Amino acid sequence: MNVNVVILAAGQGTRMNSDLPKVLHPLAGAPLVVHAMRAGLALAPERLVVVTGTGGAAVAKAALDYWPEAVIATQAEQRGTGHAVLAAADALAGAAGDLLVLYGDTPFVSGETLERMQAARAEADIVVLGFESRPEERYGRLVTDGDELLEIVEWADAGDATRALTLHNSGVVMGDAAVLLRLLDRVEPRNAQGEIYLTDVVALGRADGLRAVVVRCDEAETMGINTRAHLARAEDIFQGRARALLIEDGVTLKAPGQVILAFDTAIGRDAIVEGPCVFGPGVTIESGAHVLPFCHLTGCHISRGASVGPFARLRPGAELDEDAHVGNFVEVKNAHLGEGVKAGHLTYLGDTDVGPRTNIGAGTITANYDGVFKYRTVIGRDAFVGSNTVFVAPVVMGDEAMTATGSVVNRDVPDGAMAIARARQEVKEGFARRFFARLREMKAAQKG
Ligand code: UD1
Ligand code: MG
């Protein structure tokens, strides 16, 4: 069955106490709205519409950066979740099949759960995703009778008996697109703000003889982020699950509680993360690689047998081939380190290619930026870069070449050559003794 996805992402989130639109708050390295999009894309939808409002341009940018085919709809005034779905009506014109409504503030719905909802559609016109939660949570309450979902009552509108229900509404709804839009057209505005609740389609649909059911899943999947406390809790839940999955997949985490993962961190079997580390988005680590404590890794790839850290920083485009080694206080950005390359200490490699087996001495810097443009440094295989070499890019160093310690290299170094670019040393016999003797005499004279 064809499915179309609408993601509601227009609300400011007044309980977040923030200037940032709620759906742009990051969770596991990606804005909330991107998590919702990932969930929806798992069903390979015909159309994916993101409804924006408050901070619309920034939300649209985040959505399109992630999925350029997304269609952006605008809800000028935030008049409720149902009103937001109606704002997507134009974007959905002519769309056949089902409509799945996801909330931009509900990040962790799994593809597996959505598939269960699709399966439940065989028996029901409207399928709502629900979860068991604590009575003090202010989610909408799902009022059921056996398998039938009778209505959804918002916490604010609920009496004590309904508030006591622990089956809560995730907001995720699936049904035929045309049917849901037709029902929404008839939903009466609720309160002084004239809000149209998406949740009202259940009671209205039942009155029309439609059948509604609940598909249940774990709260970790469906919790909606309304407050900073929810955001912190969601991060915690996500991290716990992501670590557990890695461990199950054969990764050793020596300090699991202090490894911060991103939504897309991928680590192979028998890799070891030796201690606290932070993973930004886009990190892939192959089997058997070794990450020592206190590294910050983003947008990088670490191959089999390579080791990184302690205290290393790999930034986007850092690519380490097999058995490469990046040691302490080394930063690598947009750079490819060939097999067995060693950059052990205090180094910056930016916009650089390093051939296999080359040794990068301590304190090596690639000066890649002139304040306006960036340039590449290319270093060949089996080369030896002396400590404290500065490469002034663009510059090429050949295979099996070397640089003398302390050189500033701004011209190409041919294969097999040595570049030395530093002042020649002079030695002044006895100078140090005479110099300090004079200073001490001066000090004694001042005191006397
Ligand atoms: C909603 C549900 C509630 C459910 C909860 C789950 C309704 C009426 N209530 O409440 O039953 O338990 O989610 O998290 O549906 N949004 C818009 N435009 C609007 C209003 C909201 O795009 O005019 C978006 C928000 O950006 C957010 C999502 O819809 O991503 C949900 O809105 P929110 O205000 O958080 O609704 P809740 O009060 O959480
Ligand atoms: Mg919410």
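Note that the structure is a prediction, hence the values are computed from the model and not measured. (Residues numbered from 1 in each chain as written. Chains lettered and ligands numbered in written order. Predicted model: local features only at pLDDT ≥ 70, side-chain atom pairs only at ≥ 80, totals over all residues. Heavy atoms only, no water.)

### Section: the overall build of the protein chain
Now for step 1: Per the secondary structure count, the protein chain includes 10 helices and 34 strands.
Now for step 2: In terms of overall dimensions, the protein chain is more spread out than a globule: its C-alpha atoms have a radius of gyration of 30 Å, far above the 22 Å expected for 448 residues.
Now for step 3: A principal-axis box enclosing the C-alpha atoms of the protein chain has dimensions of 105 × 60 × 40 Å.
Now for step 4: Counting every position in the protein chain, which comprises 448 residues, the buried fraction comes to 48%.
Now for step 5: Within the protein chain, residue pairs in contact and separated by at least 24 positions form 43% of the contacts whose partners lie at least 6 positions apart.
Now for step 6: Total accessible area on the protein chain stands at roughly 20800 Å², and carbon and sulfur atoms take up 52% of it. (Helix = DSSP H or I, 4+ residues; strand = E, 2+ residues; numbered from the N terminus. Rg over C-alpha atoms; globule rule 2.2 N^0.38 Å. Buried < 20%, exposed > 50% of the residue type's maximum accessible area, 1.4 Å probe, protein only. Contact = heavy atoms within 4.5 Å. Areas by Shrake-Rupley, 256 points an atom, 1.4 Å probe, with all protein chains shown as cover.)

### Concerning the pattern of salt bridges
Now for step 1: As enumerated under the stated definition, the model contains 20 salt bridges in all.
Now for step 2: In this structure, the salt-bridge partner of E148 is R211, at a minimum N-O distance of 2.8 Å. Taken together, the residues E148 in strand β9 (residues 148–153) and R211 in the loop between α7 (201–207) and β11 (212–216) connect sequence positions 63 residues apart.
Now for step 3: Judged by its relative accessible area of 26%, R211 is partly exposed.
Now for step 4: The structure contains a network of salt bridges with shared partners spanning R357, R381, D382, D399 and E400. (Salt bridge = Lys/Arg side-chain N within 4 Å of Asp/Glu carboxyl O.)

### Quick look at the side chain of E221
Now for step 1: Turning to its location among the elements, E221 is positioned in helix α8 (residues 219–222).
Now for step 2: One buried charge, E221, has no salt-bridge partner; the nearest side chain with opposite charge is R241, at 4.9 Å.
Now for step 3: Engagement of the side chain of E221 in a polar contact is seen with the side chain of T113, the distance being 2.6 Å.
Now for step 4: Not counting chain neighbours up to four residues away, the residues in contact with E221 comprise T106, F108, V109, S110, T113 and R241. (Lys, Arg positive; Asp, Glu negative; His and termini not counted. Polar contact = N/O pair within 3.5 Å; in protein donor to acceptor, adjacent residues only side chain to side chain.)

### A look at the site of ligand 1
Now for step 1: Taken together, 23 residues are adjacent to ligand 1, and A10, Q75, T81, E154 and N169 come closest.
Now for step 2: Contacts to ligand 1 include G11, whose backbone N or O atom sits 2.8 Å from an oxygen atom.
Now for step 3: In this structure, Q75 approaches ligand 1 through a side-chain N or O atom, which is 2.6 Å from a nitrogen atom.
Now for step 4: Taken by itself ligand 1 offers 760 Å² of open surface, and the protein chains cover 87% of this.
Now for step 5: Looking at the shell around ligand 1, the elements with two or more residues in it are β1 (3–9), α3 (81–87) and β10 (167–176).
Now for step 6: Considered class by class, the residues forming the shell around ligand 1 number seven nonpolar, 12 polar and four charged. (Near = heavy atom within 4 Å. Nonpolar A, V, L, I, M, F, W, Y, C, P; charged D, E, K, R; others polar.)

### Quick look at the coordination of the magnesium ion (ligand 2)
Now for step 1: Of the protein atoms, only D105 (OD) and N226 (OD1) coordinate the magnesium ion (ligand 2), at distances of 2.2 Å. Separated by 121 residues along the polypeptide, D105 in the loop between β6 (98–103) and α4 (111–120) and N226 in the loop between α8 and α9 (228–248) bring together distant segments of the chain. (Donors = N, O, S within 2.8 Å, 3.2 Å for Na, K, Ca; no water.)

### Here's the deal with the pairing of strand β7 (residues 126–132)
Now for step 1: Burial of β7 is extensive: six of the seven residues sit out of reach of the surface.
Now for step 2: As paired elements, β7 and β10 share six bridges and run antiparallel to each other. Pairing of V127 across the sheet is with M174, part of β10.
Now for step 3: As judged from the five bridges shared by β7 and β11, these two strands associate in the parallel manner. Paired with V127 across the two strands is V213, which belongs to β11. (Pairing = 2+ DSSP bridges.)

### A look at the nonpolar core
Now for step 1: In this structure, F279, I285, L297 and L314 are the most contacted members of the largest nonpolar core, which totals 93 residues.
Now for step 2: The dominant element in this core, judged by the number of residues it contributes, is helix α1 (residues 32–41), at seven residues.
Now for step 3: Non-local contacts of L314, meaning those with residues more than four positions away in its chain, are made with H296, L297, T298, C300, I302, V308, L320, V326 and V332.
Now for step 4: With 34 residues, the next largest nonpolar core counts L99, L184, L198 and V201 among its residues. (Core = buried A, V, L, I, M, F, W, Y, C linked by side-chain atoms within 4.5 Å.)

### Observations concerning the pairing of β6
Now for step 1: Counting buried residues along β6, six of its six residues qualify, which places the element largely inside the surrounding structure.
Now for step 2: Neither face of β6 is left uncovered, since the one carrying D98, L100 and L102 and the one carrying L99, V101 and Y103 both have all their residues buried.
Now for step 3: Pairing analysis gives six bridges linking β1 to β6, with the strands arranged parallel. Its bridge partner being in β6, L8 is matched across the sheet by Y103.

### As for the packing of aromatic side chains
Now for step 1: Following the criterion strictly, the structure yields six aromatic pairs and no others.
Now for step 2: Seen in terms of ring centroids, F108 and F238 are 5.2 Å apart; in terms of plane orientation they differ by 20°. Their pairing is stacked. Placement of F108 in the loop between β6 and α4 and of F238 in helix α9 is noted, with a sequence separation of 130 residues between them. Each member of the pair, F108 as well as F238, is classed as buried.
Now for step 3: Seen from their ring centres, F431 and F435 are 5.7 Å apart, and the 15° between their planes marks the pair as stacked. With a gap of four residues between them, F431 and F435 both fall in helix α10 (residues 431–447), about one helical turn apart. (Phe/Tyr/Trp six-rings, centres within 6.5 Å; stacked < 30°, edge-to-face > 60°.)

Function cannot be inferred from these measures alone, as they are strictly geometric.
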